[in-house]
Amino acid sequence: MSSYTIEEIAQALGFETRGDASLRVTRAAEPGAAGPDDLALAMSPRYAEALGQGKARAAMVWPDADWQALGLSAVILAPRPRMAMSGLTRMMDRGQGFAAGIHPSAVIDPTAELGEGVAVGPLAVIAAGAKIGAGSLIGPHCYIGWDAEIGENAFLREMVSIGARVKIGDRFMAQPGARIGNDGFSYVTPEVSGAENVRKTMGDQAGAKAQAWVRIHSLGAVRIGDDVEIGANATVDNGTIRDTQIGDGCKLDNLVHVGHNVRTGHDCLFAGQTGISGSVEIGNNVVLGGQTGVVDNIFIGDGVIAAGGTKILSNAPAGRVLMGYPGVKMETQTEIYKAQRRLPRLLKDIAALKKAVSKLGSTE
Amino acid sequence: MSSYTIEEIAQALGFETRGDASLRVTRAAEPGAAGPDDLALAMSPRYAEALGQGKARAAMVWPDADWQALGLSAVILAPRPRMAMSGLTRMMDRGQGFAAGIHPSAVIDPTAELGEGVAVGPLAVIAAGAKIGAGSLIGPHCYIGWDAEIGENAFLREMVSIGARVKIGDRFMAQPGARIGNDGFSYVTPEVSGAENVRKTMGDQAGAKAQAWVRIHSLGAVRIGDDVEIGANATVDNGTIRDTQIGDGCKLDNLVHVGHNVRTGHDCLFAGQTGISGSVEIGNNVVLGGQTGVVDNIFIGDGVIAAGGTKILSNAPAGRVLMGYPGVKMETQTEIYKAQRRLPRLLKDIAALKKAVSKLGSTE
Amino acid sequence: MSSYTIEEIAQALGFETRGDASLRVTRAAEPGAAGPDDLALAMSPRYAEALGQGKARAAMVWPDADWQALGLSAVILAPRPRMAMSGLTRMMDRGQGFAAGIHPSAVIDPTAELGEGVAVGPLAVIAAGAKIGAGSLIGPHCYIGWDAEIGENAFLREMVSIGARVKIGDRFMAQPGARIGNDGFSYVTPEVSGAENVRKTMGDQAGAKAQAWVRIHSLGAVRIGDDVEIGANATVDNGTIRDTQIGDGCKLDNLVHVGHNVRTGHDCLFAGQTGISGSVEIGNNVVLGGQTGVVDNIFIGDGVIAAGGTKILSNAPAGRVLMGYPGVKMETQTEIYKAQRRLPRLLKDIAALKKAVSKLGSTE
């Protein structure tokens, strides 16, 4: 295991040190679990409380921390704690240990083009015409489809699959089991179906004719920008005619589903198990909490934020903060929740009022 | 890339043409993005508006479109646009490019039986006693379990897994990472558990005895009809004693979960991330929107439709259209939603009423 | 197929028999579908009704069943039916037929350590430094990462992936496509983001600065206790600094997501598609119904039970039974639901009251 001096870490992150900056640490640790060779992460007074339960000599602390009173010998001063975490964890990440080079068990079509320094893990398959940019790392058991393109410096964990004709930018990262380029879920019935009727009438469909579903194939694929990350077992479907699109810098968490024809702007964040139906247009910097659902064919403006579990059933203007099912403004939803909890009592109040009013009426 | 004349496409779909039907096109495109060799899809006036931004000479349009006024040289007249999309996309689908024949890296047990023309992709595994019907295509990295049976003309994308003893009909289609025949999620505690108690009392369970879970194994498997499609990373569990059953023509979207012992009729459609708990009985032509949840041991009648996000907590009669959590008739839910948004204001109204009535009472 | 006498089954389960205990059966069956060589499962009068539709001669019944009146020749008396199911199904489970030994197509790093009797399926990959305990069965296409450790008697179905440095106890069971040790979903922006602001203000964020997301890497891994089972395509993420932890005896269903830094006690049960955000602390014996969502950084006490679809947005004390979005006490939620359905009518009542009161006021 490699080790670093406090000085080396601080320089890499651009931060100041106090105390003995030549002290060496081998890993980062939570304050209460830190040993004498660890760098404790105590970037707020709340976390620093646990330092006494550990044995840390060095820590990363907030700028005006009284580090000597905390019993430390050396500290790094971190102005914005989570930004500091980013630099520190990138520096100390030991990774997955995927080997360089092409593993002999990988099955690579002779027409595939691999850039300089591409690594391909054991039992990966790269299909005809696929192109992989320089410095990319294709993990064990991955599948890269026909004519698919992946940019430079990609990192694919094990068992990722990329369908035919999918195009992906640089620095792509995919967690295990991510599926890009699945056929879209699109069917039609020969005659108007009950489900189509409901969109107009909302009424029950007991008389609807029973029909079989006919498939609409996906002629489009998926196009993904630069710096995109896709979570474990997440799924992104092909477009019907044109490509489904994920913009630069978007991050999709585990088990997220993105339907056919969806188009997102840049720097969106979709948390775990979020589902986006077909043909949704999403702006830039949109943040959807875990288990958010978005109905098909709507528009989500720039900077929209949805709390976890929100079901977005209609267009959302830029900057809107949503919550609930159906999703409404978070402030409104909070008031609704409060009122709901008072509902049972309210019913009694109204019953009492009715009685009182009726009595008043009869005494007139 | 292959090309088609307007005449060839129209004949294959059974539609009429207008203009120069000998014009050749190579692919379908959205009106605004169509080039001179594309067939623009402009089956409604709304879509046709964008034709001016593209360079299409040929388009598929609605029956009485004034195609010459739209600047087109040749058109195909499509009476029901989405049905036309089905035929057209099937015709133009370039597929995934999976090769014919058995890839030498596939691991196939000598007791497995493969029908005529079966293709098996690189690094697929076919276990002892498995049977694959003629014309089926088993994608790269697939696993077909012990004694499993798949009918004719199946198409399995990469990394699909089919467990032991699963039986599947003809024309089966599975997207990447679909999992059929997982063990059911079924446990029991030696004594009655808090979770069992709640079904009766609904009260808090602070006094419940802490117990370990004992597994109930799945002796059944999964039986799937003809023309079924299963989405990417979707999961269908084995039955406990008998098989879990998916009827003919059912379509399951990505990340859908079907629990043990579930039984569905034919032609159901379950959209993305829908979850069906154990032992649910589902009729024919049931449509469940994305992220629908169905509680265990209930009955969903023929033709039931649930809006996205619905949590179905009790039996649903045939033809019922549901929405909300808990799912109630869509019409009722829509009224509830409207009333909810008025709730905060309602609370003020009632407070005012109380004051007014109390004042009236005291003035008597 | 093996067969058992009624006596053998009863002895293995510790139950009593009545009638001809030498009768042989080959499998368990539902009463209505049971043949003459099956053991019908009729542990309640409701299930026993269907015996007449089948041909069972032997059955497992409730303790004081009048088995002769049910037309049976031999019975096993089961005091707690589901516990009986556990023993019986374990005994009769034919399994997946995974072969013993190391398949020649598996790719095993020479530095990996495999205990006695470990079986490794075709095309599995075991990375450098991995340790697998005696008697464990690693299915086809599995991936065991760098320095990962799995205890004794594990059973991994096909295509399971275990990331670097993950540590797992004994008797681990994983369904197809389960993903343990994915990178956590953790990002930060250089300056305070709209999503951070919302946690304080709840207001719309139209003026929020558009920023790109910077990754916080996962230095921790996942630590899993003994007797844990993980469902198909479920995902468990690495911790940021320390390990994410799943306690002894926990059972996670298909498509469940457990975020980074989560820590659970022992014997929890998370049903299908449940999602747990980062840094949640969960007690012992917690039961979360299907599609439950848990917001980040909260605490769920021992024995908490959540109904399917519950969104838990704040700390839950031990023993609490929750339901709804947001999750509140089940009793409260049930009253809220009832009141909600009366809401549209309530609005009319209040309008009428207002009119009556105003009339009363004017007549004074």
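The notes below deal with the structure included here.

Basis of the calculations
Residues numbered from 1 in each chain as written. Chains lettered and ligands numbered in written order. Predicted model: local features only at pLDDT ≥ 70, side-chain atom pairs only at ≥ 80, totals over all residues. Heavy atoms only, no water. Contact = heavy atoms within 4.5 Å. Buried area = accessible area lost by both parts, 1.4 Å probe. Salt bridge = Lys/Arg side-chain N within 4 Å of Asp/Glu carboxyl O. Polar contact = N/O pair within 3.5 Å; in protein donor to acceptor, adjacent residues only side chain to side chain. Helix = DSSP H or I, 4+ residues; strand = E, 2+ residues; numbered from the N terminus. Nonpolar A, V, L, I, M, F, W, Y, C, P; charged D, E, K, R; others polar. Buried < 20%, exposed > 50% of the residue type's maximum accessible area, 1.4 Å probe, protein only. Least-squares fit on C-alpha atoms with pLDDT ≥ 70 in both. Pairing = 2+ DSSP bridges.

**Re the interface of chain C and chain A**
- Chain C puts 84 residues into the contact, and the matching count from chain A is 79 residues.
- Overall, the association of chain C and chain A removes approximately 6500 Å² of surface from exposure, summing both partners, and the carbon and sulfur fraction of that is 63%.
- On the chain C side of the contact with chain A, Phe185, Trp213 and Tyr325 of chain C bury the most area, a combined 11% of that side's loss.
- Here chain C is connected to chain A by seven salt bridges.
- Asp183 of chain C is the salt-bridge partner of Arg157 of chain A, the closest N and O atoms lying 3.4 Å from each other.
- The tally of links between chain C and chain A comes to 38 residue pairs in polar contact (both at pLDDT 80 or more).
- Counting only elements with at least two residues in the side of chain C that touches chain A, the list comes to β17 (161–162), β20 (179–182), β21 (187–188), α4 (194–201), β22 (214–215), β25 (235–237) and α5 (330–363) of chain C.
- With 15 residues, the single largest contributor to the side of chain C that touches chain A is α5 of chain C.
- For the side of chain C that touches chain A, the per-class residue count stands at 43 nonpolar, 27 polar and 14 charged.

**Considerations on the side chain of Asp296 of chain A**
Residues and elements named next belong to chain A.
- By the secondary structure assignment, Asp296 is in the loop between β34 (293–294) and β35 (299–300).
- Judged by its relative accessible area of 17%, Asp296 falls in the buried class.
- Side-chain polar atoms of Asp296 contact the side chain of Asn297, separated by 2.8 Å.

**A closer look at the interface of chain B and chain C**
- Contact with chain B, which involves 84 residues of that partner, is made by 79 residues of chain C.
- Carbon and sulfur atoms make up 63% of the surface buried where chain B meets chain C, a total of about 6500 Å² over both sides.
- The largest share of the area that chain B buries against chain C comes from Phe185, Trp213 and Tyr325 of chain B, three residues that together contribute 12% of it.
- The interface formed by chain B and chain C contains seven salt bridges.
- Among the salt bridges present, the one from Glu196 of chain B reaches Arg80 of chain C, with a minimum N-O distance of 2.8 Å.
- Between the two partners, chain B and chain C, sit 38 residue pairs in polar contact (both at pLDDT 80 or more).

**A closer look at the relation of the copies chain C and chain A**
- Its rotation angle being 120°, the transformation that places chain C on chain A also includes 0.0 Å of axial translation and leaves an RMSD of 0.1 Å. Here the copies are linked by what is in effect a three-fold axis.

**Here's the deal with the pattern of salt bridges**
- Scanning all chains against the criterion turns up 59 salt bridges over all chains.
- When the shortest N-O distance is used, the salt bridge between Lys329 of chain A and Glu331 of chain A registers 4.0 Å.
- The class for Lys329 of chain A is partly exposed, based on a relative accessible area of 29%.
- Residue Glu331 of chain A is classed as partly exposed on the basis of its relative accessible area, which comes to 37%.
- Among the ionic pairs, Glu191 of chain C bridges to Lys209 of chain C, the shortest N-O distance being 2.9 Å. Of this pair, Glu191 of chain C sits in the loop between β21 and α4 while Lys209 of chain C sits in the loop between α4 and β22; the two residues are 18 residues apart in sequence, bridging distant segments of the chain.

**With respect to the sheet that holds strand β13 (residues 137–138) of chain A**
All names here are of chain A.
- On the basis of which strands lie adjacent, the open sheet formed by 11 strands has the order β10-β13-β16-β19-β24-β27-β30-β33-β36-β38-β39 and mixed pairing. Each end of this open sheet is capped by a strand with a single partner; those strands are β10 (119–120) and β39 (328–329).
- Relative to strand β38 (residues 321–323), strand β36 (residues 305–306) runs parallel, the two sharing two bridges. Bridge assignment links Ala306 to a residue of β38, and that residue is Leu322.

**Structural notes on the relation of the copies chain B and chain C**
- The transform that puts chain B on chain C rotates by 120° and translates by 0.0 Å along the axis, for an RMSD of 0.0 Å.
- An overlap of only 19% is found between the interface residues of chain B and their copies at the interface of chain C, pointing to separate contact surfaces.

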